[in-house]
Amino acid sequence: MLAERKKQHLDIVLSGHGSSTGVGTGFERVRFEHVALPEIDMSAIDLTTEFLGRKLSGPFLVSSMTGGAQQAQEINHNIAIACEAAGIAFAVGSQRVAIETNSDWGMNRELRRLAPSVPILANIGAAQLNTGYGIDQARRAIEMIDADALIIHLNPLQEAVQPEGDRNWRGLTEKIGLLSQSLHVPLVVKEVGSAVSPMVARKLASLGVGIIDVAGAGGTSWAAVEAQRATTASEAAIASAFVDWGQPTAYAISAIRKSLPDIFIIGSGGVRNGVDAAKAIRMGANIVGQAASVLRSATSSPEAVADHFEVMSAQLRVACFCTGSSTLADLRIARLEATSYP
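Figured I'd write up the structure that's included with this text.

**Observations regarding the packing of aromatic side chains**
- The tally for this structure, following the rule as stated, stands at three aromatic pairs.
- Ring centres 5.0 Å apart and planes at 20° place the aromatic pair F51 and F264 in the stacked group. Of the two residues, F51 sits in strand β2 (residues 49-51) while F264 sits in strand β10 (residues 264-267), which places them 213 residues apart along the sequence.
- Judged by relative accessible area, F51 falls into the buried class, the value being 2%.
- For F264, a relative accessible area of 18% gives the class buried.

**Structural notes on the nonpolar core**
- Core analysis: the largest hydrophobic core is formed by 79 residues, its most contacted members being L150 and I176.
- The element that contributes the greatest number of residues to this core is helix α14 (residues 302-321), accounting for six residues.
- Among the nonpolar cores identified, the runner-up in size contains 13 residues, and L61, A89, V188 and I211 belong to it.

**Side note on empty space enclosed by the protein**
- By the definition in use, this model includes two cavities of 30 Å³ or more.
- Lining of the largest cavity is provided by 16 residues; of these, L157, G193, S194, W222 and A223 occupy positions nearest its centre.
- At the level of elements, α6 (156-161) and α9 (222-229) are the ones that each hand at least two residues to the lining of the largest cavity.
- Looking at the lining of the largest cavity residue by residue, the class counts come to eight nonpolar, seven polar and one charged.

**Considering the side chain of S63**
- Locating S63 in the fold gives a position in the loop between β4 (60-62) and α2 (72-86).
- Excluding its chain neighbours within four sequence positions, the residues that come into contact with S63 are A91, K190, D213, S268, G289, Q290 and A291.

**Considerations on α9**
- α9 sits mainly inside the fold: seven of its eight residues count as buried.
- Here α9 has its buried residues at W222, A223, A224, V225, E226, A227 and R229.

Reading the values: rules and limits
- Residues numbered from 1 in each chain as written.
- Predicted model: local features only at pLDDT ≥ 70, side-chain atom pairs only at ≥ 80, totals over all residues.
- Heavy atoms only, no water.
- Phe/Tyr/Trp six-rings, centres within 6.5 Å; stacked < 30°, edge-to-face > 60°.
- Helix = DSSP H or I, 4+ residues; strand = E, 2+ residues; numbered from the N terminus.
- Buried < 20%, exposed > 50% of the residue type's maximum accessible area, 1.4 Å probe, protein only.
- Core = buried A, V, L, I, M, F, W, Y, C linked by side-chain atoms within 4.5 Å.
- 1 Å grid on protein atoms, 1.4 Å probe; cavity = no way out; pocket = protein on both sides within 12 Å on 5 of 7 lines; lining within 4 Å.
- Points joined across faces, edges and corners; volume = space filled by probe spheres on them.
- Nonpolar A, V, L, I, M, F, W, Y, C, P; charged D, E, K, R; others polar.
- Contact = heavy atoms within 4.5 Å.

Written out as structure tokens, the structure reads:
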């Protein structure tokens, strides 16, 4: 049943029926001040950065998106090959199916063989920490793919509107703190589309979590996905009311950066192009994550994924050029203004 549910999730996202409707990411509400005399050589712009002790060619992460469906092996292999070629980071989807069944669906050390030099991130759900998961399962997820970090994903809204959802979330904060202190790799905590608030981010930071993936509203809506999966009118109605729930990605990035100046932020949630990526970095993200935007390419070939990020990098480079930014550090202080005109 779990594997079939993952397949349904994948199919719905690929069909385009899993997106937010009325809420934007917030990136559309701001724009860069154009610099007509940038005084830099565009070919010399440096987009490199570091993440988890490894150098990235650009500030990009393929965010968690699959785990358990039969397509997962091909998708994960395509992404791993592309990320190695492009020099960007790669986070696998939930490893729950791989941990609980005899099939790993491609979530094994072959991923590290295909991507030896880039960061790879393992992934389990916070809700599973109340269903028998603990340090042993977390370590297994890491060792399974020789990961550089472990993601704990927070999806309370999805669990709440999903008929099979895990809804007992008592005591999870303490359990996440224990993992943070017990693992030999960094712990990343991410939402899945409704945003991590500054209050929650501060609580996590106090437990030793040093990396937050905001995963704000404006991209994939898991309430919309679950509404599509609903088998009764009442289930669909409950989920549909929350399609636009959460804080926009741009707001979440900015708010957490103001609250926690030194924390590492992954900006994800509806980042559609390199201009959105530039805005995310300017507003406080260290790197930028994409999932649904990459998914169709990932079902095609490694070359399609690499081509996607070549375009993203080119767009980001143009944004740097037209703000007079030679590096990502320069971009973080480029002039940004709220739009008050069409």
